[in-house]
Amino acid sequence: MTKPIDVPLPADRALLATLQAGQEVRLTGPVYTMRDAGHARALAALRESGRLPYDLAGQTLFYAGPTPSAAGRPLGSVGPTTASRMDFAAPALMDAGVAACIGKGKRSAEVVEACVRNKAVYFAAVGGIAALLAKHVSASETVAWEDLGTEALRRLQLEGFPCFVAVDACGTDLYRAVEQGIPLS
């Protein structure tokens, strides 16, 4: 068994380019939570101004709706949301500068192509362990769209957050490889 790769955030594109689908990673640094409604607002702002709002360029988006603080932690739980729900906006946000995203489940061909085009990466986190994942969050603050409740844009500080490279910057897709029985190196 290979040791997980430590990935500091914001992610350096040169480092992202070295990651391979199937590798286990530990993320440390800031991420921004966004779900469906946040993606719609970010996409609208991008179309209006031509740039990503709230300095999201070069950042990692985590498709999650964290719960309020609990058990002495900044969040009670934070688990990945089904990533394909964000496929309507992900390519445009990657083209505008988003470097990586975290979710669960496979992505559309358009998102895989956007990863290749932008040397971006899609990380998959394990669903169903949101309380455990919250132990890897050391800080949380609302940045924008507070009216969206749990879907507000939040900045989280991750500490050794466990996930896997699901789509790498070369377009290798862990989900499709598994479906087709293709071994990954």
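Right above here is the structure, for reference.
None of these values were measured; they are calculated from a predicted model.

J.: Just to check I follow, could you spell out the pairing of strand E2 (residues 24-33) for this structure?
T.: On a regular strand, each side chain points to the face opposite its neighbour's, so the side chains alternate between the two faces of the sheet. With seven of ten residues buried, E2 is to be regarded as a mostly interior element. Sheet topology note: the strand E1 (residues 5-8)/E2 ladder contains four bridges and is parallel. Bridge pairing in E2 places valine 7 opposite leucine 27. In this view, the connection linking E1 to its parallel neighbour E2 by way of helix H1 (residues 13-18) has right-handed handedness. Pairing of E2 with strand E7 (residues 153-167) involves nine bridges; the strand directions are antiparallel. In the sheet register, tyrosine 32 faces E7, and the bridge partner there is arginine 155. Sheet topology places E2 next to strand E3 (residues 60-62); two bridges connect them, and they run parallel. Bridge pairing links threonine 33 to phenylalanine 62 in E3.

J.: Help me understand the pattern of salt bridges, please; the structure alone is not making it clear to me.
T.: Side chains that differ in sign of charge can pair as their charged atoms come close. What the rule picks out here adds up to seven salt bridges. The salt bridge involving arginine 107 is made with aspartate 87; its shortest N-O contact spans 2.7 Å. Residue arginine 107 is located in the loop between strand E4 (100-103) and helix H4 (109-118), and its partner aspartate 87 is located in the loop between E3 and helix H3 (90-95); the two are separated by 20 residues in the primary sequence. Note on accessibility: arginine 107 and aspartate 87 belong to one class, buried. A salt bridge links glutamate 179 to lysine 106, with the nearest nitrogen and oxygen atoms 2.5 Å apart. Here glutamate 179, found in helix H6 (residues 174-180), pairs with lysine 106, found in the loop between E4 and H4; they are 73 residues apart in sequence, far enough to count as distant. With a relative accessible area of 52%, glutamate 179 lands in the exposed category.

Cut-offs and rules
Residues numbered from 1 in each chain as written. Predicted model: local features only at pLDDT ≥ 70, side-chain atom pairs only at ≥ 80, totals over all residues. Heavy atoms only, no water. Buried < 20%, exposed > 50% of the residue type's maximum accessible area, 1.4 Å probe, protein only. Helix = DSSP H or I, 4+ residues; strand = E, 2+ residues; numbered from the N terminus. Pairing = 2+ DSSP bridges. Right-handed = clockwise from strand over helix to strand, strands pointing away. Salt bridge = Lys/Arg side-chain N within 4 Å of Asp/Glu carboxyl O.

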